[in-house]
Amino acid sequence: MSHDIAHWLDDLLAEIEGIKVRRKSNRRVRVDVPADALPALLELLQGRAGYIHLSAISCVDWIDENEFELVYHVWSYDSHSLVSAHIRIAREPGVYLSVYDLYQPAAFFERDIHEMYGIHFEGSPNMEKFILTEWDGPPPMRKEFDSEAYINEHLNWQNYNPEWLQELIAEGGGVIIPPEEQRFSQKKVKKS
Amino acid sequence: MSSIKQIPVIQEKRTNPLARVFDDLVSFCRSRSLFLLHYCTGCGAIELPPAMTSRFDMERLGIQPMVSPRQADILLITGYVSIKTLKRVILTYEQMGSPKYVIGICSCTVNGGMYWQSYATAKKLDEYMPVDLYIAGCMPRPEAVIAGLQKLMDRINSGEANSWQDYYRNYDYYLGNQQKLFGETWQTPTDIITEAKHYNLLAEGTLGDHTKLLQQHQEPLEAHNMRLGHNLKEPLE
């Protein structure tokens, strides 16, 4: 039966304009939609196809293309299948519509994405700090935030290289990557 | 309500000639009755249940878990300390009664471990509080934890484990590192400088630029008004 629903879904999705459907498996569909068509798609999936559970909203920062990718994962308990709706929005100003009116758990995910990426969701009930309540830096998951430069500036680091480990390395054992090969910031210094 | 400053603190010089004998006895007894604070920060905490319970049984060494910081002797930092957690760890550490011992378990407390690149994790624990002992590993097995605790017991017994005094003697250094991370308005409810005077541990490093900065904006401590959800002056319904 679930097989039937899956193919019925394909027919349904094919009717929406500008949509690109890729069936990954019998239970997984990847859908790429224009950003303005997403609320309509979710409404259709929720109201007509039984995709009532929003599992997650994930975000990818494509800094080279100057875009954010938002992925809405919706699950149907009837057909036991997952639809992942991918949209791209402009990195600046990074504003998108909230889907809180369709799926209430979205408030949770949107607040998290707002904190980590700085995307503002219009209509989301709460855009306050969530986990990083004591963080006043830039949104840390954005690609332009250099975590390593931040820790080099704010925190000290010490090498852990005790004698017994040196003995092991001298015998050819132990797995150790020296910090100058491990730390990206120091690699850059080496190149130049 | 009387302020905390009005409570008299009596300090007496030690005159008993048997004090050293008692000291040895006390440190022997102290090393055989350690209470370990049940505050688990990171993933290393998962090694503690087997270390505490019947498999490896810490209690045969006289080490027991304790739920409140004021009654505990050992603060065990089990794993990565995020900057948010570090604030709570410092509050907990300052609440503990002296003598107190800090053990850093796992690589993360040494240098950040696998979170060396993370913006949210403190790297060197001994910058923020004196650490008696590190048990490196990711994660150390319960045997290693117990070996480390035994080493701490030996150090307590021989009177070497007094790094808690270092917190009072070099408070300016520790406070400076804390301020660097948490901002200049960082303040804990515990008045370390007064405590240092109480323990007779006021040294050169206790006061400095950072403690001056603390005293500039420090809000006076007030006794907490205990209430049962409503004002007791009003009659109970």
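Reference entry: report on the structure contained in this document. (Residues numbered from 1 in each chain as written. Chains lettered and ligands numbered in written order. Predicted model: local features only at pLDDT ≥ 70, side-chain atom pairs only at ≥ 80, totals over all residues.)

## A closer look at the packing of helix α7 (residues 171-182) of chain B against helix α9 (residues 209-217) of chain B
Residues and elements named next belong to chain B.
Argument step 1. As a packed pair, α7 and α9 sit with axes 7 Å apart at the nearest point and diverge in direction by 65°. Crossing handedness for the pair α7 and α9: left-handed. Packed against α7, whose contacting residues are Y171, D172, L175, G176 and Q179, the element α9 presents H210, T211, L213 and L214 at the interface.
Argument step 2. A breakdown of the residues in the contact of α7 with α9 according to their chemical character gives four nonpolar, four polar and one charged. (Axes fitted to C-alpha atoms, helices over the stretch in contact; angles between N-to-C directions. Helix = DSSP H or I, 4+ residues; strand = E, 2+ residues; numbered from the N terminus. Left-handed = near helix turned anticlockwise from the far one by under 90°. Contact = placed C-beta atoms within 7 Å. Nonpolar A, V, L, I, M, F, W, Y, C, P; charged D, E, K, R; others polar.)

## Thoughts on the packing of helix α1 (residues 19-31) of chain B against helix α5 (residues 142-157) of chain B
All names here are of chain B.
Argument step 1. The contact between α1 and α5 brings their axes to 8 Å, and the two run at 165°. In terms of their interaxial angle, α1 and α5 are classed as roughly antiparallel. Note that α1 runs across α5; the crossing there is right-handed. Along the contact surface, α1 presents S27, F28, R30 and S31, while α5 presents M153, I156 and N157.
Argument step 2. In terms of residue class, the contact of α1 with α5 is made up of three nonpolar, three polar and one charged. (Parallel < 35°, antiparallel > 145°, perpendicular 65-115°, else oblique.)

## Describing helix α3 (residues 106-117) of chain A
Residues and elements named next belong to chain A.
Argument step 1. Here α3 contains twelve residues, and its C-alpha end-to-end distance of 16 Å stays within 8% of the 16 Å for a straight helix at 1.5 Å per residue.
Argument step 2. Within the span of α3, buried status applies to A106, F109, E110, I113, H114, E115 and Y117.
Argument step 3. Those residues of α3 that are buried lie in contact with β3 (53-62), β4 (67-76) and β7 (120-122). (Expected span 1.5 Å × (residues − 1). Buried ≥ 20, exposed ≤ 12 C-beta atoms within 10 Å, placed from the backbone.)

Remember, this is a structural readout, not a statement about activity or role.
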